[in-house]
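What the coordinates show
Here are the chains, one letter per residue:
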Amino acid sequence: ANGIWRTVSLQQLQFDDQALTEDIDCFARAIVSHGFRFEFLPECCSGELLPSGLKAFWRQRLRWAMGWDQVTLKHASSFVGGGTSSTRKAGLCYIF
């Protein structure tokens with residue numbers, strides 16, 4: 001996931017080194033536990049490096065898919081729990 005985070009926001013969070021997709025897990029916790037707000041910035045552009053071969057590409061995509069499932073199972077109850085607006089709940093359920 002490509003994103004721009006404010007330094008002060010990242011300082012409030014800690015990456016879960018057991019998560020397959022620690023960036024997605026961090027995003028979910030930022031929304032649910034800290035109430036952070038995210039915005040689309042069309043003027044920002046980022047790139048990424050492709051894996052070196054088809055086997056590496058497959059492994060990357062498999063890890064990402066498993067990581068999404070892991071984060072969803074870990075945080076799903078928080079997505080629909082109290083303290084979150086209906087709009088945010090709907091957005092989280094749509095994303096995950």
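Above this text you will find the structure in question.
Residues numbered from 1 in each chain as written. Predicted model: local features only at pLDDT ≥ 70, side-chain atom pairs only at ≥ 80, totals over all residues. Heavy atoms only, no water.

On to the packing of aromatic side chains, then. One pair of aromatic rings is described through two measures. These are the centre distance and the angle between the planes. Counting across every chain of the model gives 4 aromatic pairs. For the pair W68 and F96, a centre-to-centre distance of 5.0 Å together with 55 degrees between the ring planes defines the contact as tilted. Of the two residues, W68 sits in helix α3 (residues 54-80) while F96 sits in the segment after α4 (86-95), which places them 28 residues apart along the sequence. For F96, a relative accessible area of 18% translates into the label buried. Among the aromatic residues, those joined into a cluster by ring pairs are W5, F27, F38, W68 and F96. (Phe/Tyr/Trp six-rings, centres within 6.5 Å; stacked < 30°, edge-to-face > 60°. Helix = DSSP H or I, 4+ residues; strand = E, 2+ residues; numbered from the N terminus. Buried < 20%, exposed > 50% of the residue type's maximum accessible area, 1.4 Å probe, protein only.)

A few words on the pattern of salt bridges. If you walk through the whole model with that rule in mind, you get 4 salt bridges. Measuring nitrogen to oxygen at the nearest pair gives 3.0 Å for the salt bridge that ties D25 to R29. Linking D25 with R29, this pair stays in helix α2 (residues 22-32), spanning 4 residues, or about one helical turn. Grouping residues by exposure puts D25 and R29 together as buried. The salt bridge partner of R37 is E39, with a shortest N-O separation of 2.3 Å. Here the salt bridges do not stand alone but share partners, grouping D16, D25, R29 and K74 into one network. (Salt bridge = Lys/Arg side-chain N within 4 Å of Asp/Glu carboxyl O.)

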